[in-house]
Number of protein chains: 2
Amino acid sequence: MSTNSPGGKNAVVLLSGGIDSTTTLAVAKSLGYSCHALSFDYGQRHRVELDCAKRVAKALGATDHRILPLDLRGIGGSALTSAIDVPKDRPNTERSHGIPITYVPARNTIFLSMALGLAEVVGAFDLFIGVNAVDYSGYPDCRPEFCRAFETLANLATKAGVEGTNPFKIHTPLIELSKVEILKLGISLGVEYGLTLSCYDPNSKGEACGRCDSCLIRKEGFLAAGIPDPTSYQS
Amino acid sequence: MSTNSPGGKNAVVLLSGGIDSTTTLAVAKSLGYSCHALSFDYGQRHRVELDCAKRVAKALGATDHRILPLDLRGIGGSALTSAIDVPKDRPNTERSHGIPITYVPARNTIFLSMALGLAEVVGAFDLFIGVNAVDYSGYPDCRPEFCRAFETLANLATKAGVEGTNPFKIHTPLIELSKVEILKLGISLGVEYGLTLSCYDPNSKGEACGRCDSCLIRKEGFLAAGIPDPTSYQS
């Protein structure tokens, strides 16, 4: 992660409304970027997260926030976009092996591609994504080597890429952090985590199930960080 | 391009309904692939091309054909998706310099990403795209180095990528061919080019304008190949 101030340069920040993307937006803001937040309505079961993303973008002072429809259901293949049940109450040992059923095929590739298109239009060369290789080690598209490969691609795929100046940078400020470190970083930057939602299977009121992998990681994170958990759970 | 027969393996083929993607589908079929054709409704001005894509997929015996909505208008920045006028009657010398106004930011990156997602779901490791670095030299995402970088990315972004076996291949059978060579290849494979549409600005009847860059390249191709031009032009 670059530490020198970009001095008001534009950035595109992928924002789901969960802990990680919210913290990432806070990091980008703290570095002085003018942040164009980008979310996707991709037929996710947890669509209430889009309301969270809106609140987060506003609270953290994003320059603008787009929610683009994206038909990942037309592709299929994930518990997050189809009628497959989201796994619940899995112990950590089970969560950390293999590729989860909640993996959405090529999701981060697709999200970053759309972010790249937006970056070209708004004149941004800095893309921020809150991927994490610690808690989400099972997701192939959360790994550092994936992000580096996308950066290489971005610098070939675009107008700027033709000039050979390699201006695009994929920023992954959380990639090596534990959930505790992410929460402490966000708190230090003034993030109100009560605005965020991590649950894969929330109810229509936006209350978290408390039992899916994402809820369990979140709960354990607040507990381990010694931070009161601000999440609204289903009773 | 691989020449050994894949023996009924699945492929995902990006299909716009123009000469190049149609020829690419014919090539993939001739190599023995079971072809999953993929088109996008991305707010293009030339939406009638989707009807052509449907006809082409059927005529060439694609296994299935998906048309996915994709909100590239929400990103903006191209004459193909906005109210910017499509340039007409440009001489070849003018067409071949710089990045055209019809360039859609990150389009092929986005299209290939969606194709990659579909490939994971249908169990395909072969992606076909009809990019061409001869007539479309101004498009950064039609270059061989772009396609190679996407192949590297695909092999990191996916379930199969985690295993390190590098199964994904981006096939670009037309990338070094002239329009004449493409047309002759397609004719040899039985393609009926009357089914295809290349125009950036057709009317609602699907008749080509005959004057945009894409029409001019197409016209010159048929002429140079000595093949009767089957295109319906606006009177």
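Definitions and cut-offs
- Residues numbered from 1 in each chain as written.
- Chains lettered and ligands numbered in written order.
- Predicted model: local features only at pLDDT ≥ 70, side-chain atom pairs only at ≥ 80, totals over all residues.
- Helix = DSSP H or I, 4+ residues; strand = E, 2+ residues; numbered from the N terminus.
- Buried ≥ 20, exposed ≤ 12 C-beta atoms within 10 Å, placed from the backbone.
- Contact = placed C-beta atoms within 7 Å.
- Least-squares fit on C-alpha atoms with pLDDT ≥ 70 in both.
- Core = buried A, V, L, I, M, F, W, Y, C linked by C-beta atoms within 7 Å.
- Pairing = 2+ DSSP bridges.
- Axes fitted to C-alpha atoms, helices over the stretch in contact; angles between N-to-C directions.
- Nonpolar A, V, L, I, M, F, W, Y, C, P; charged D, E, K, R; others polar.
- Expected span 1.5 Å × (residues − 1).
- Arc of directions from axis to C-beta.
- Parallel < 35°, antiparallel > 145°, perpendicular 65-115°, else oblique.
- Left-handed = near helix turned anticlockwise from the far one by under 90°.
- Right-handed = clockwise from strand over helix to strand, strands pointing away.
- pLDDT = per-residue confidence, 0-100.

**Student:** Just checking my understanding: could you explain the overall build of chain A for this structure?
**Tutor:** Looking only at helices and strands, one finds eight helices and five strands in chain A. Taken from N to C terminus, the helices and strands of chain A fall in the order β-α-β-α-β-α-α-β-α-α-β-α-α. Out of the 235 residues in chain A, the part that is buried amounts to 51%. Contacts spanning at least 24 positions in sequence make up 71% of the contacts within chain A whose residues lie at least 6 apart.

**Student:** Help me out: how do you make sense of the relation of the copies chain B and chain A in this one?
**Tutor:** To go from the first copy of the chain to the second, apply a rotation about an axis and then a shift along the same axis. Once chain B is rotated about the relating axis by 180° and shifted along it by 0.0 Å, it coincides with chain A to within an RMSD of 0.0 Å. Taken together, the rotation angle and the small translation identify this as a two-fold axis. Most of the interface of chain B is mirrored in chain A, where 97% of its interface residues again form contacts.

**Student:** I keep staring at the nonpolar core and nothing clicks. Help me out?
**Tutor:** One broad trend across soluble globular proteins is that nonpolar side chains are buried collectively. Counting residues in each nonpolar core, the largest one holds 134 residues, and the members touching the most others are Val13(A), Ala115(A), Val13(B) and Ala115(B). The contacts of Ala115(B), once residues within four sequence positions are left out, are Val12(B), Leu14(B), Leu38(B) and Leu127(B).

**Student:** I'm lost on the sheet that holds strand 4 (residues 126-128) of chain A in this one. Help?
**Tutor:** The pairing of strands in a sheet happens through backbone hydrogen bonds and is either parallel or antiparallel. Residues and elements named next belong to chain A. One open sheet accounts for five strands, arranged 3-2-1-4-5; its pairing is parallel. A strand with exactly one partner marks an edge of an open sheet, and here the two such strands are strand 3 (64-69) and strand 5 (169-171). The average angle at which neighbouring strand axes cross in this sheet is 25°, direction not considered. Here strand 1 (residues 10-14) pairs with strand 2 (residues 34-41) via five bridges, running parallel.

**Student:** What exactly am I supposed to notice about the sheet that holds strand 3 (residues 64-69) of chain B here?
**Tutor:** All names here are of chain B. Here five strands make up an open sheet; going across it, the order is 3-2-1-4-5 and the pairing parallel. Strands at the two margins of the open sheet, each flanked by one partner only, are strand 3 and strand 5 (169-171). Sheet twist, expressed as the mean angle between neighbouring strand axes with direction ignored, is 25°. This element, helix 1 (residues 19-30), spans strand 1 (10-14), strand 2 (34-41) and strand 4 (126-128) of the sheet and lies at about 170° to strand 1.

**Student:** Explain the interface of chain B and chain A to me, please; I cannot follow it from the model alone.
**Tutor:** One widely used convention gives an interface's size as the accessible area the parts lose upon coming together. Of the residues lining the interface, 36 residues belong to chain B; the matching set on chain A comes to 35 residues. Broken down by element, the side of chain B that touches chain A gets its largest block of residues, nine residues, from helix 4 (residues 107-122) of chain B. Tallied by class, residues from the side of chain B that touches chain A come to 20 nonpolar, nine polar and seven charged.

**Student:** When you look at unusual backbone geometry in this model, what are you seeing that I'm missing?
**Tutor:** Keep in mind that most residues, glycine aside, have a negative phi and that most peptide bonds are trans. Notably, Ala106(A) is not glycine yet its phi reads approximately 60°, a positive angle. Here Ala106(A) is to be found in the loop between helix 3 (92-95) and helix 4 (107-122).

**Student:** I would appreciate a short explanation of helix 4 of chain B in the present structure.
**Tutor:** The periodicity of an α-helix, 3.6 residues per turn, causes residues three or four positions apart to be oriented the same way. Residues and elements named next belong to chain B. Along its 16 residues, helix 4 runs 22 Å from first to last C-alpha, staying within 8% of the 22 Å computed at 1.5 Å per residue. For helix 4, the buried fraction is high: 14 of the 16 residues fall into the buried class. Two residues or fewer after helix 4 comes Gly-123, characterised by a positive phi angle close to 75°.

**Student:** What's the story with helix 7 (residues 179-188) of chain A in this structure? I'm lost.
**Tutor:** Residue and element names in this part refer to chain A. Residues of helix 7 that are buried: Lys-179, Ile-182, Leu-183 and Gly-186. Mapping the buried residues of helix 7 onto a view down its axis gives an arc of 95°, with all of them on the same face. In this structure, the buried residues of helix 7 make contact with helix 1 (19-30) and helix 8 (213-225).

**Student:** In this structure, what is going on with the packing of helix 1 of chain A against helix 7 of chain A? I would like to understand it.
**Tutor:** A pair of packed helices is captured by two measures, namely the crossing angle of their axes and the spacing between those axes. Residue and element names in this part refer to chain A. For the pair helix 1 and helix 7, the least separation of the axes is 9 Å and the interaxial angle reads 40°. The angle between helix 1 and helix 7 places the two elements in the oblique class. Crossing angle aside, the handedness with which helix 1 passes helix 7 is left-handed. Contacts from Ile-19, Asp-20, Thr-22, Thr-23 and Ala-26 in helix 1 reach Ile-182, Leu-183, Leu-185 and Gly-186 in helix 7.

**Student:** What's the story with the environment of Leu197(B) in this structure? I'm lost.
**Tutor:** Residues and elements named next belong to chain B. Along the chain, Leu-197 turns up in the loop between helix 7 (179-188) and helix 8 (213-225). Taking C-alpha positions, Leu-197 is 6.5 Å from Cys-52, a pair spaced 145 residues apart along the chain. When neighbours within four sequence positions are excluded, Leu-197 is seen to be in contact with Gly-17, Gly-18, Val-48, Glu-49, Cys-52, Pro-202, Gly-206 and Ala-208.

**Student:** Which parts of the structure should I look at to understand the pairing of strand 1 of chain B?
**Tutor:** The two faces of the sheet receive side chains in turn, since in a regular strand these alternate between them. Residues and elements named next belong to chain B. Of all five residues making up strand 1, four are buried, and the element is well covered by its neighbours. Assessed by its sense of winding, the connection that carries the chain from strand 1 through helix 1 to strand 2 is right-handed. Here strand 1 pairs with strand 4 via three bridges, running parallel. By the bridge assignment, Val-12 is partnered in strand 4 with Leu-127.

**Student:** Please explain the packing of helix 7 of chain B against helix 8 of chain B as it appears in this structure.
**Tutor:** All names here are of chain B. Where helix 7 contacts helix 8, the axes come no closer than 8 Å and their chain directions differ by 70°. With respect to helix 8, the element helix 7 is oriented roughly perpendicular. In this structure, the crossing between helix 7 and helix 8 has a hand that is right-handed. Contacts from Lys-179, Val-180, Leu-183 and Lys-184 in helix 7 reach Ile-217, Glu-220, Gly-221, Phe-222, Ala-224 and Ala-225 in helix 8.

**Student:** Would you mind going over the confidence of the model for chain A with me for this structure?
**Tutor:** Detailed reading of the predicted coordinates is not advisable wherever pLDDT falls low. Scored by pLDDT, chain A has a mean of 87; 87% of the residues are at 70 or more. The ipTM assigned to the predicted complex is 0.86, against a pTM of 0.88.

**Student:** Before we go on, may I ask you to explain the environment of Glu176(A) in this structure?
**Tutor:** All names here are of chain A. With respect to the secondary-structure elements, Glu-176 resides in the loop between strand 5 and helix 7. Once the C-alpha coordinates of Glu-176 and Asn-132 are considered, the two residues, 44 residues apart in sequence, prove to be 6.4 Å apart. What Glu-176 contacts, discounting residues up to four positions off in sequence, is Ala-133 and Val-134.

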